[in-house]
Amino acid sequence: MKDLPVCSKVVIIGGGIVGCSTAYHLAKLGVETILLERQKLTSGTTFHAAGLVGQLRSNANITQLLGYSVDLYNNIEAETGLGTGWKMNGGLRLACTNERWTEVKRQATTARSFGLEMQLLTPREALDLWPLMNIDDVVGAAFMPTDGQANPSDITMALAKGARMSGAQIFEDTKVLDLDVQNGVITAVITNKGRIECEKVVLCAGQWSRDFAARFGVNVPLVSMEHQFMVTEPIKGMPTNLPTLRDPDRLTYYKEEVGGLVMGGYEANPIPWAVNGIPKGFHYSLLDSNFDHFEPLMELALGRVPALENAGIRTLTNGPESFTPDGNFIIGEAPELRNFFVGAGFNAFGIAAGGGAGMALAEWVKNGAPPYDLWAADIRRFGQVHRDTNWVRTRTVEAYGKHYTMDWPHEEHSSARPTLASPLYETLKSQGACFGEKMGWERPNWFAAKGQEARDIYAFGRQNWFDAVGREHKAVREAAALFDQTSFAKFSLKGPDAAAALSWIASNDVDKPAGTLIYTQMLNDQGGIECDLTVVRLAIDEFYIVTGTGFATHDFDWIKRNIPAEMNCELINITQTRAVLSLMGPRARKVLGAATTDDVSNDGFSFGTAREITIAGCPVLALRITYVGELGWELHLPIEHARAVYGALMFAGAEFGLVNAGYRAIESCRLEKGYRAWGADIGPDHTPDEAGLGWAVKIRKNIPFKGREAVVAQRAEGVKKRLACFSVNDPDVVLLGRETIYRNGERVGWLTSGGYGYTCEKSIGYGYVRCEGGVDKTYLETGEYELEVATDRVKCTYEPVALYDPKMTRVKA
């Protein structure tokens with residue numbers, strides 16, 4: 001046994017596949033790294049993983065990350081000389097209903113969008129690949145040739161050896177007892193064998209991560225769930241090259257192992273584990289097999305694989321795994337503690353993600369940023385509600401149970417609701433609101449007509465709310481609508497250096513007179529868009545910042561960590577103190593004018609300004625801005641006045657046709673007007689010039705800001721991708737995002753957003769058109785375009801300007 005070093009640049013806690021992969025990649029990058037494992041490598045949950053490796057996800061970059069895992073697993077055995085059990089035997093997915101077949105066809109298009117090969121097969125062709133199954137109920141199947149399977153322990157050991165070969169040190173039987181944190185700075189890791197001075201810590205402790213991180217104020221919202229799979233004795237005639245099989249309509253998965261089958265699944269009624277804490281000494285440990293709980297899955301499996309009826313059962317493995325409320329893993333630097341990184345909560349696809357997650361974590365640790373946008377898995381996607389472990393567990397049970405159910409468009413979770421709600425929740429509910437949820441907040445998505453149930457009925461075609469949203473959209477365009485947007489994240493930045501700090505972080509010019517409203521991005525050093533938000537200057541030393549509900553933690557963290565150390569100002573989250581009512585439409589001024597004695601004329605209250613007005617005796621900060629393409633105001637007010645202001649507005653608006661409206665109408669209107677959505681159309685991988693937002697960047701002013709050099713360099717070189725709008729005249733074509741874009745018959749990108757414009761009466765999609773030789777106005781305008789929707793090619797029209805503009809005498813048709 002070698003002695004424990006007294007210092008290291010980075011210490012990794014946890015010796016499962018993610019920890020070992022992170023050590024491997026950090027060592028490859030030349031970073032001094034120590035990995036500590038309290039028992040033996042893989043002894044937590046890695047050793048009992050099933051080992052299926054699939055790649056396709058709904059997010060392009062998560063798919064890319066999983067694809068990296070496959071590339072790594074193809075080569076790690078040759079590099080280290082250790083067997084991994086890796087087989088690229090492909091992955092087969094069945095569809096047994098017409099709705100599931102539509103889902104699979106949309107997945108095939110998504111795969112093509114992301115550069116993966118997914119073959120659609122007839123039932124007979126699927127049987128040729130998987131001859132043990134019964135195909136009586138199979139409608140079709142999809143085959144991914146580059147998917148595969150691995151031996152989890154072997155591949156982890158290979159990564160560990162590769163890490164050591166590049167200089168990393170790994171210590172087993174070394175328990176981390178504590179961290180030494182001085183004034184918010186990590187200085188050391190304390191173990192049962194001594195102290196290691198370090199600069200950065202990477203927590204890859206699986207289901208133990210939540211409790212350990214919580215000791216230092218860091219929230220890692222995961223919980224443990226029982227997960228069972230069966231391993232059979234050898235089955236006669238078992239092919240050794242059998243692909244992995246996923247049968248979502250029967251909730252089950254399969255892989256060949258030593259001449260037998262592994263069969264597991266995701267039941268609708270999963271069992272949480274370790275509700276009161278993980279038992280001490282739980283390593284290389286399994287739970288008691290629960291045959292009664294597994295029996296329904298077994299019955300479903302027998303209908304697919306009749307040979308299981310006579311196969312001997314070698315084991316029924318019941319191993320707890322860590323799961324998250326949204327089914328994606330957790331990665332990144334914790335917003336609560338600098339230089340504390342997390343890679344955990346892999347939802348039973350840790351083997352598939354392990355290689356790529358280790359690569360991404362290593363680059364994040366070394367460079368201060370991930371290799372590409374990983375927002376879908378970023379630890380900052382969570383908020384205050386996710387600190388409640390009971391809430392997390394309740395939602396995670398639902399997410400686990402939906403693992404193999406239909407992935408419907410616009411589907412909402414139903415559990416752990418309501419949690420956070422506007423004071424208008426009951427009022428709007430009584431008026432027909434159908435609510436969605438984001439970050440724990442209840443938000444009205446649409447309003448049912450009298451006699452219509454306020455409930456989503458899911459489908460891949462037009463859903464039951466389509467006409468209701470059309471009515472709301474029409475009101476926005478022709479009269480006025482009121483939206484409850486209380487869930488907006490709202491921050492206050494105050495202090496003598498507030499203007500200087502914000503001027504450095506924001507790419508637009510925020511150093512404007514008090515009462516000015518500024519739309520701005522905040523960029524990273526590569527010019528990528530980290531935040532997309534609204535800033536109001538309230539005073540010489542005070543700013544009010546508004547951003548999207550789901551971005552509260554992320555944007556707060558980005559602003560706070562980029563305030564220069566020498567500057568004196570304070571950022572405060574005031575989200576839950578303020579309500580927001582957005583009044584939008586051509587008659588919005590008449591409604592507002594009837595509800596207040598303040599001057600709201602265009603001369604008295606111009607676009608891009610903000611000031612305090614009074615409604616029903618309540619102070620209201622009114623922001624003249626729009627995200628729907630119409631005259632309007634966001635009305636920000638103390639939350640205790642929400643009911644009074646709402647009542648006054650609805651009373652004043654009765655004669656002008658004012659109606660309630662929800663977020664789906666906002667989405668439809670913003671697509672027609674060409675407004676961008678962060679997390680979809682724009683993000684860290686997209687620059688303002690690529691997104692058509694270069695007009696909001698203060699390049700012409702001699703003002704330094706973060707990301708400026710990258711924007712200047714790109715303007716000199718030109719862009720290789722550009723966000724473009726496309727429309728489809730066929731009303732039956734439903735665009736959801738991820739549809740493949742073809743230019744002159746060649747794949748050039750995919751849609752980042754999709755929806756329907758009720759005014760222009762067209763389906764609308766936005767996506768980046770890519771070309772290594774450069775993309776300019778001429779390139780966009782000279783192409784003939786098609787979209788692939790559920791594997792069908794449909795003609796579409798490139799739209800160089802917004803499909804709707806209230807200044808136009810008619811809608812572009």
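Calculation notes
Residues numbered from 1 in each chain as written. Predicted model: local features only at pLDDT ≥ 70, side-chain atom pairs only at ≥ 80, totals over all residues. Heavy atoms only, no water. Phe/Tyr/Trp six-rings, centres within 6.5 Å; stacked < 30°, edge-to-face > 60°. Helix = DSSP H or I, 4+ residues; strand = E, 2+ residues; numbered from the N terminus. Buried < 20%, exposed > 50% of the residue type's maximum accessible area, 1.4 Å probe, protein only. Lys NZ or Arg CZ within 6 Å of the ring centre and 35° of its normal. Pairing = 2+ DSSP bridges. Axes fitted to C-alpha atoms, helices over the stretch in contact; angles between N-to-C directions. Contact = heavy atoms within 4.5 Å. pLDDT = per-residue confidence, 0-100. 1 Å grid on protein atoms, 1.4 Å probe; cavity = no way out; pocket = protein on both sides within 12 Å on 5 of 7 lines; lining within 4 Å. Points joined across faces, edges and corners; volume = space filled by probe spheres on them. Salt bridge = Lys/Arg side-chain N within 4 Å of Asp/Glu carboxyl O. Core = buried A, V, L, I, M, F, W, Y, C linked by side-chain atoms within 4.5 Å. Polar contact = N/O pair within 3.5 Å; in protein donor to acceptor, adjacent residues only side chain to side chain. Nonpolar A, V, L, I, M, F, W, Y, C, P; charged D, E, K, R; others polar.

Peer 1: Pulling in residues and values, what's your account of the packing of aromatic side chains?
Peer 2: This structure, assessed with the given rule, holds 27 aromatic pairs. Plain terms: the ring middles of F47 and Y284 are 5.3 Å apart, the flat faces sit at 75 degrees to each other, and that makes the pair edge-to-face. Taken together, the positions of F47 in the loop between β2 (33–36) and β3 (52–53) and Y284 in the loop between β16 (272–273) and α7 (291–304) put the pair 237 residues apart, joining distant regions of the chain. Using a relative accessible area of 43% as the deciding quantity, one classes Y284 as partly exposed. Ring geometry for W408 and F460: centres 5.2 Å apart, planes at 45 degrees, overall tilted. Taken together, the residues span a long stretch of sequence, with W408 in the loop between α9 (389–401) and α10 (425–430) and F460 in the loop between β21 (441–447) and α11 (466–478) at a distance of 52 residues. Exposure remark for F460: the relative accessible area of 12% places this residue in the buried category. The ring of F349 has R57 lying over it, and the distance from NZ or CZ to the ring centre is 4.3 Å.

Peer 1: Describe the pairing of strand β20 (residues 433–438), and please don't skip the residues or the numbers.
Peer 2: Counting buried positions along β20 yields five of six residues, so the element is predominantly enclosed. Pairing geometry for β20 and β21, over six bridges, is antiparallel. Along β21, the bridge assignment pairs C434 with W446. Taken together, β20 and the strand that follows it, β21, pair antiparallel across an intervening segment of two residues, in which M439 is found at a positive phi of about 55 degrees.

Peer 1: Describe the sheet that holds strand β26 (residues 542–547), and please don't skip the residues or the numbers.
Peer 2: Strand order in this open sheet of five strands is β24-β25-β26-β23-β27, and the pairing throughout is antiparallel. In the strand order of this sheet, the two ends are held by β24 (517–523) and β27 (570–573), each with one partner. Neighbour-to-neighbour, the strand axes of this sheet turn through a mean angle of 30 degrees, independent of strand direction. Summarising the sheet, strand β25 (residues 529–539) and β26 pair through five bridges and their orientation is antiparallel. The partner of A539 across the bridge, within β26, is E542. Contacting β23 (489–494), β24, β25, β26 and β27, helix α13 (residues 552–562) runs over the sheet at an angle of about 75 degrees to β25.

Peer 1: Could you give an account of the confidence of the model for the protein chain, naming the residues involved and the relevant values?
Peer 2: With 99% of its residues at a pLDDT of at least 70, the protein chain reaches an overall mean of 97. Scored below 50 in pLDDT, residues 809–813 makes nine contacts in the model with residues more than four places away or belonging to other chains.

Peer 1: Lay out the layout of surface pockets in plain terms, naming residues and giving numbers.
Peer 2: Taken as a whole, the second largest pocket holds about 570 Å³ of empty space. As for the second largest pocket, its lining consists of 23 residues, of which G383, Q384, A552, T553 and N573 are closest to the centre. If you tally residues by element for the lining of the second largest pocket, the top one is α13, at five residues.

Peer 1: Outline the sheet that holds strand β22 (residues 480–484), listing residues and values.
Peer 2: Taken in spatial order, the six strands line up as β29-β30-β31-β28-β22-β32 in an open sheet, and their pairing is mixed. For this open sheet the edge positions go to β29 (610–615) and β32 (658–660), each flanked by a neighbour on one side alone. Looking at each pair of strands side by side, their axes are set apart by 30 degrees on average, direction ignored. Alignment of β29 against strand β30 (residues 618–624), held across six bridges, turns out to be antiparallel.

Peer 1: So what's going on with the side chain of H25? Which residues, and what values?
Peer 2: Relative to the helices and strands, H25 is located in helix α1 (residues 17–28). We classify H25 as buried; its relative accessible area is 7%. Residues within four places of H25 in sequence aside, it is in contact with Y68, L72, G355, G358, M359 and A362.

Peer 1: Residues and numbers for helix α12 (residues 498–505), please.
Peer 2: In terms of burial, α12 is a largely internal element, six of the eight residues being buried. Within α12, burial applies to A498, A499, A501, L502, S503 and I505. In this fold, the buried residues of α12 make contact with β23, β24, β25, β26 and α13.

Peer 1: So what's going on with unusual backbone geometry? Residues and values would help.
Peer 2: Each neighbour pair has its own omega, and for R417 with P418 the value is -10 degrees, a cis peptide bond. Residue placement: P418 occurs in the loop between α9 and α10. Look at T42: it is not a glycine, yet its phi comes out positive at around 75 degrees. A relative accessible area of 2% places T42 in the buried class. Within the chain, A348 stands out as a residue other than glycine whose phi angle is a positive 65 degrees. Of note, A348 is situated in the loop between β19 (340–344) and α8 (350–367). For A348, a relative accessible area of 29% translates into the label partly exposed.

Peer 1: Before we move on, can you summarise the pattern of salt bridges with the specific residues and values?
Peer 2: All chains considered together, the criterion is met by 44 salt bridges. Close ionic contact of R314 with E233 constitutes a salt bridge, the shortest N to O distance being 3.6 Å. Of the two residues, R314 is situated in strand β17 (residues 313–323) and E233 in the loop between β12 (223–232) and β13 (244–247); the sequence distance between them amounts to 81 residues. Here R314 falls in the partly exposed class, since its relative accessible area comes to 38%. A salt bridge links R793 to E786; the nearest nitrogen and oxygen atoms lie 3.0 Å apart. Bridged by salt links that share partners, the residues E333, D378, R380, D557 and R561 form one connected network.

Peer 1: Describe the nonpolar core, and please don't skip the residues or the numbers.
Peer 2: Counting residues in hydrophobic clusters, the biggest one holds 50 residues, and the most contacted among them are I12, L65, V202, F329 and I331. For this core, the elements supplying multiple residues, two or more each, are β1 (7–13), α1, α2 (60–80), α5 (152–165) and α8. Broken down by element, this core gets its largest block of residues, 10 residues, from α8. Listed in part, the 45 residues of the second largest apolar core include L92, V138, Y266 and Y404.

Peer 1: Talk me through the environment of D373; I want residue IDs and the actual numbers.
Peer 2: Relative to the helices and strands, D373 is located in the loop between α8 and α9. Along the chain, D373 and G679 lie 306 residues apart, while their C-alpha atoms are 9.3 Å from each other. Contact partners of D373, with chain neighbours within four places excluded, come to N61, P684 and D685. Polar contacts involving the side chain of D373 include one to the main-chain amide nitrogen of W375, which spans 2.9 Å.

Peer 1: I'd like a description of empty space enclosed by the protein, backed by residues and values.
Peer 2: Taken as a whole and judged by the stated rule, the model has six cavities of 30 Å³ or more. The volume enclosed by the largest cavity comes to roughly 80 Å³. As for the largest cavity, its lining consists of Q207, R210, D211, L222, V223, S224, W273, A274, G277, I278 and R393. Taken together, the elements giving at least two residues each to the lining of the largest cavity come down to α6 (209–214) and β12. In terms of residue class, the lining of the largest cavity is made up of five nonpolar, three polar and three charged. Put simply, the second largest cavity is a space of about 60 Å³. Around the second largest cavity, the lining residues are F483, Q485, F488, S582, M584, Y627, V628, E634 and I666. Of the residues contributing to the lining of the second largest cavity, the split by class is six nonpolar, two polar and one charged.

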